[in-house]
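# Fold and geometry: a report
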Amino acid sequence: MPPPRRRRGAPEEPLPGRRNRRPVKKKSKAKKAVVWTGGVMAFVLIGTAGAAYLYLKHLEGNVTTEDVGNVADDGFSKDEAFNILIIGTDKRTGGGNEGYGDKGSVGHADTNILLHVSKDRTNATAMSIPRDLIVNVPDCDGKDGAVIPGTQNKRFNTSLGQYGRNPGCTMKTVEELTGIDVNHFAMADFNAVKTLTSAVGGVEVCLAKNVNDPDSHLNLSAGKHTIEGEEALAFVRTRHSFGNQGDLDRIKVQQQFMSSLMRKMTSGDTLTSPTKLIKLANAATKALTVDKGIGKASTLKDVALELKKVPMKNLTFTTVPVKDNPAEVVKATVVPLEPNASQVFNMIKSDTSFTAVKAKEKKEKAAVAARLKGTKSAADEVRVRILNGGAPGGSAQEELTYLQTEAGVTKSENAGNADETQTKTTLEYAPDQADQARRLAAIMGLSGSALKPGESVTNAQGLPTMTLTLGEDFKGAGVKMNSSAAPANVDKTTANEVKCAS
């Protein structure tokens, strides 16, 4: 029987001294259409977090903005992939919340999800970041230009609130952890779950067993239930009744709840009810604090319309792969599980979907047919130089060793680092090297789009050679690029799936 787990999320000790440094249209039809758009595109991340983006000018006053300086982007691009960090705090703000969270909490980052929306809008990924994940929190700017010193090997939840840290500090922590550029943030407290679920008339949940949790006050029998308000908040806060009674299993339940809420928000029952839509619009905007870059009504409208393009079946929920902290006897915190965590981060950085997207598959098949069709050279006839263009350090040498010792590509060499970082791995070759390119593509699982017809260069012996540049999407020496995108043991689910909490 495993040793008892002590309660996670406790505040840190005080930090030593700081160092200083520097209008709605009148026609009812138009109004209804605007509310409809907002209802469809309300994007909500639950636990203690919620967010929605609505194109109603009179709702702009509901949204609170916070200036985090140049950590957040100045505006929003409709033509690029974007990443928004959703933060749910444990601060006891709002009526009726006196009994939740830690008394007197400064508002730690209790629930955290990084939402990535692809450049082509065919898919999105919502990645949960455990509050008990051990990270390095970097230096960040506080009030009046004061610098809040960073801390090493601390819980992720201390990146907000602790020592006066603002959401910009949490954004910088995510960037240092993942290498992913975080464009914006949206933050909410306990009221988000209560008001949003009540606005849509309740959310259906499913339990695999009876639950009676005296801590969260959730008391439900096994089976399906429609819950809202206080009961909905109790559901997403419960952790002692699911799995191993820890925060990681609570994250799974929250993701299931979020999927159900999003299905309800986009259902015909909600979309055909002006009353529900107006309630949803008001509840969602009042629940938010966002950065100034997305705080205007026109910008929120743009975000909403871009989110509207993502099919529900291609919105994937996942969690940073972790393992128990080996430095602890009584397990209370977690650390990233490698190489799985880096693979997930790289998928998001390289705008790779966790789901099969038909439009991408069709385009990929056309590229493969055009560039991979034809004869292939023998492996020992392939001449290639390898550059590291964004893969982890040492990847070029590791891939060289694999190609020479395992794949028979003996005429290969390590050419060091590329001049620039690139998201995708590429193989550039001259027309008369096409048969060599096809052989290497088969060995590495390169797609047709990874093959770049061009000009050959010379290797160290002065002979013509192809150029293989390992990008940020490189999965490791000997791992085929066309293998299953997500590591086999990474938990993930999609928004259209119905599951019962267990």
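The shown structure was predicted, so the numbers you read here are calculated from the model rather than taken from an experiment. (Residues numbered from 1 in each chain as written. Predicted model: local features only at pLDDT ≥ 70, side-chain atom pairs only at ≥ 80, totals over all residues. Heavy atoms only, no water.)

## Comments concerning the environment of Phe235
Which entries qualify depends on this criterion: The secondary structure listing takes helices from DSSP runs of H or I that are at least 4 residues long and strands from runs of E that are at least 2 residues long, numbered from the N terminus. In this scheme, a residue with accessible area under 20% of its type's maximum is buried, one over 50% is exposed, and one in between is partly exposed, where area comes from a 1.4 Å probe on protein chains only. Should any heavy atoms of two residues lie within 4.5 Å, those residues are counted as being in contact.
Along the polypeptide, Phe235 turns up in helix α4 (residues 229–237). Its relative accessible area of 2% is what places Phe235 among the buried residues. Considered as a pair, Phe235 and Val211 are 24 residues apart in the sequence and their alpha carbons are 9.7 Å apart. Other than its neighbours up to four places away in sequence, Phe235 contacts Val205, Leu207, Leu218, Ile227, Phe242, Val253, Phe257 and Ala501.

## What to know about the sheet that holds strand β2 (residues 64–66)
Paired through backbone hydrogen bonds, the strands of a sheet run either parallel or antiparallel to each other. Keep this limit in mind: We treat two strands as partners when DSSP finds at least two bridges between them. To obtain each axis, a line is fitted to C-alpha atoms, and for helices this fit is confined to the stretch in contact; angles are then taken between N-to-C directions over 0 to 180 degrees.
An order of β2-β15-β10-β3-β4-β5-β16-β25 is seen for the eight strands of this open sheet, with the pairing classed as mixed. Either end of the sheet is taken by a strand with one partner, and the two such strands are β2 and β25 (492–494). In this sheet, adjacent strand axes meet at a mean angle of 25° when their direction is disregarded. Along the sheet, helix α9 (residues 340–349) makes contact with β3 (82–89), β4 (109–117) and β5 (124–128), crossing β5 at roughly 145°.

## Observations concerning the packing of aromatic side chains
Put simply, the test is: Under the pairing criterion, centres of Phe, Tyr and Trp rings, with the six-membered ring standing for Trp, must be within 6.5 Å; the plane angle then separates stacked pairs below 30 degrees from edge-to-face pairs above 60, leaving the rest tilted.
Going through the model one piece at a time under the given rule, you end up with one aromatic pair. Note on Phe76 and Phe82: the rings are 4.9 Å apart at their centroids and 80° apart in plane angle, and the pair reads as edge-to-face. Overall, the relative accessible area of 2% leaves Phe82 in the buried class.

## So, empty space enclosed by the protein
Inclusion rule: Using a 1 Å grid laid over the protein atoms alone, points where a 1.4 Å probe fits but cannot get out form a cavity; open sets with protein on both sides within 12 Å along at least 5 of 7 lines form a pocket; any residue with an atom within 4 Å of a point counts as lining. Grid points are joined across faces, edges and corners, and a volume is the space filled by probe spheres set on the points. Residues are grouped as follows: Ala, Val, Leu, Ile, Met, Phe, Trp, Tyr, Cys and Pro are nonpolar; Asp, Glu, Lys and Arg are charged; every other residue, Gly included, is polar.
There is about 60 Å³ of room inside the largest cavity. Contributions of two or more residues to the lining of the largest cavity are made by β4 and α5 (247–265). In the lining of the largest cavity, the residues fall into four nonpolar, four polar and four charged. Empty space within the second largest cavity amounts to approximately 50 Å³. In terms of lining residues, the second largest cavity is bounded by Glu399, Tyr402, Ile443, Met444, Gly476, Gly478, Val479 and Lys480. Secondary-structure elements contributing two or more residues to the lining of the second largest cavity are α11 (395–405) and α12 (434–444). A class-by-class count of the residues in the lining of the second largest cavity yields four nonpolar, two polar and two charged.

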